[in-house]
Amino acid sequence: KNEVEQSPQNLTAQEEEFITINCSYSVGISALHWLQQHPGGGIVSLFMLSSGKKKHGRLIATINIQEKHSSLHITASHPRDSAVYICAVTGGGADGLTFGKGTHLIIQP
Amino acid sequence: NAGVMQNPRHLVRRRGQEARLRCSPMKGHSHVYWYRQLPEEGLKFMVYLQKENIIDESGMPKERFSAEFPKEGPSILRIQQVVRGDSAAYFCASSPDPGVAYNEQFFGPGTRLTVL
């Protein structure tokens, strides 16, 4: 059973700051997902990756398979980025996701 | 192309009643996952279904909970004789084909169940 750990649990930053959220897992995976959840809201998939790096707008996700570690970066953060960011992994094509507990991010103007 | 749809979005039940949660996957998706998010806790996998088959129900409580995905119509998560501890957000996700190397899942908006 994979254990997914995220850090930090809570993060408050000022607008425009560079944000990094970390995720580590215990067992080899086929893919890692970064998800975003706004308070009381649904879940949006930001990235799915199995190697290297992906970029979408101000968001960047990286993964190091050997170290079993991934990072989500937000450049030029904005208050609308305030949300819970969740890391999730899957071990195989048909597996359900195993989730971290999430990082509560607040960006202050 | 409509996304994953769930209804109702909010459901209130009294203890002992039944709750039925519906999930319509994205068009062309035949794989459905149900996840539960308890208050102040992370998301947990419950069950994975394909049309007319339960593939993995290792995350489902052994009693009172059941799921189906019939040949026609939405997937249903059914909770019998609800208790206050069942109050949670229930999310459905669908996938086009998990049999390939990647398993991209698309989430619905969730059903918030409140048990009084």
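Our structure's up above, just so we're on the same page.
Residues numbered from 1 in each chain as written. Chains lettered and ligands numbered in written order. Predicted model: local features only at pLDDT ≥ 70, side-chain atom pairs only at ≥ 80, totals over all residues. Heavy atoms only, no water.

1. Some details on the overall build of chain A
Okay, so step 1: Each helix and strand counted, chain A has zero helices and 11 strands in total.
Okay, so step 2: Listed N to C, the secondary structure of chain A is β-β-β-β-β-β-β-β-β-β-β in terms of helices and strands.
Okay, so step 3: At 13 Å, chain A has a C-alpha radius of gyration in line with the 13 Å of a compact globule built from 109 residues.
Okay, so step 4: Dimensions along the principal axes, computed over C-alpha positions, put chain A at roughly 40 × 30 × 20 Å.
Okay, so step 5: Taken across its 109 residues, chain A has 46% of its residues classed as buried.
Okay, so step 6: Sequence separation of at least 24 residues holds for 54% of the intrachain contacts in chain A that already meet a minimum separation of 6. (Helix = DSSP H or I, 4+ residues; strand = E, 2+ residues; numbered from the N terminus. Rg over C-alpha atoms; globule rule 2.2 N^0.38 Å. Buried < 20%, exposed > 50% of the residue type's maximum accessible area, 1.4 Å probe, protein only. Contact = heavy atoms within 4.5 Å.)

2. Considerations on the overall build of chain B
Okay, so step 1: Assigned secondary structure in chain B consists of zero helices and 11 strands.
Okay, so step 2: Element order for chain B, N to C, with α for helix and β for strand: β-β-β-β-β-β-β-β-β-β-β.
Okay, so step 3: At 14 Å, chain B has a C-alpha radius of gyration in line with the 13 Å of a compact globule built from 116 residues.
Okay, so step 4: Across its three principal axes, chain B shows a C-alpha extent of roughly 40 × 30 × 30 Å.
Okay, so step 5: Counting all 116 residues of chain B, 44% fall into the buried class.

3. Quick notes on the pattern of salt bridges
Okay, so step 1: Enumeration according to the criterion identifies four salt bridges over all chains in this entry.
Okay, so step 2: Between Asp81 of chain A and Arg58 of chain A there is a salt bridge, with its nearest N and O atoms 2.9 Å apart. Placement of Asp81 of chain A in the loop between β8 (69-74) and β9 (83-90) and of Arg58 of chain A in the loop between β6 (52-56) and β7 (59-64) is noted, with a sequence separation of 23 residues between them.
Okay, so step 3: Take Arg58 of chain A: its relative accessible area is 25%, and that puts it in the partly exposed class.
Okay, so step 4: Ionic pairing is found between Glu18 of chain B and Arg78 of chain B, a salt bridge with its closest N-O pair at 2.8 Å. Within this pair, whereas Glu18 of chain B is found in the loop between β2 (10-13) and β3 (19-24), its partner Arg78 of chain B is found in strand β8 (residues 75-79), the two being separated by 60 residues in sequence.
Okay, so step 5: Its relative accessible area of 29% is what places Glu18 of chain B among the partly exposed residues.
Okay, so step 6: Because the salt bridges share partners, they merge into one network encompassing Glu18, Arg20 and Arg78 of chain B. (Salt bridge = Lys/Arg side-chain N within 4 Å of Asp/Glu carboxyl O.)

4. A few points about the packing of aromatic side chains
Okay, so step 1: Scanning the model with the defined rule gives five aromatic pairs over all chains in all.
Okay, so step 2: Where Phe99 of chain A meets Tyr35 of chain B, the ring centres are 5.1 Å apart and the plane angle is 90°; that geometry is what we call edge-to-face. Taken as a pair, Phe99 of chain A in strand β10 (residues 98-99) and Tyr35 of chain B in strand β4 (residues 31-37) lie in two separate chains rather than in one.
Okay, so step 3: The class for Phe99 of chain A is buried, based on a relative accessible area of 9%.
Okay, so step 4: The exposure class of Tyr35 of chain B is buried, given its relative accessible area of 0%.
Okay, so step 5: Clustering of aromatic rings is evident, with ring pairs tying together Phe99 of chain A together with Tyr33, Tyr35, Phe45, Tyr48 and Phe107 of chain B. (Phe/Tyr/Trp six-rings, centres within 6.5 Å; stacked < 30°, edge-to-face > 60°.)

5. Focus: unusual backbone geometry
Okay, so step 1: Cis peptide bonds are those with omega within 30 degrees of zero, and the linkage from Ser7 of chain A to Pro8 of chain A qualifies with -5°.
Okay, so step 2: Looking at where Pro8 of chain A falls in the secondary structure, it is placed in the loop between β1 (4-7) and β2 (10-14).
Okay, so step 3: Cis geometry marks the peptide bond from Asn7 of chain B to Pro8 of chain B, where omega comes out at -5°.
Okay, so step 4: Positive phi, normally seen in glycine, also occurs at Glu16 of chain A, with a value near 85°.
Okay, so step 5: Given the relative accessible area of 56%, Glu16 of chain A is considered exposed.
Okay, so step 6: Phi angles above zero are rare outside glycine, and Lys68 of chain A is one such case at about 55°.

6. Focus on the pairing of β6 of chain A
Residues and elements named next belong to chain A.
Okay, so step 1: Burial of β6 is sparse: only zero of the five residues sit out of reach of the surface.
Okay, so step 2: By the bridge criterion, five bridges tie β6 to β7 in an arrangement that is antiparallel. The residue bridging Lys54 from the neighbouring strand is Ala61, located in β7.
Okay, so step 3: Counted along the chain from β6 to the antiparallel partner β7, the turn is two residues long, and its residue Gly57 has a positive phi close to 65°. (Pairing = 2+ DSSP bridges.)

7. Some words on the environment of Val32 of chain B
All names here are of chain B.
Okay, so step 1: Along the chain, the position of Val32 falls in strand β4.
Okay, so step 2: On a C-alpha basis, the gap between Val32 and Ser94 in space is 4.5 Å, while along the polypeptide they are 62 residues apart.
Okay, so step 3: In contact with Val32, not counting residues within four places along its chain, are Cys23, Pro25, Val47, Tyr48, Leu49, Phe69, Ser75, Cys92, Ala93 and Ser94.

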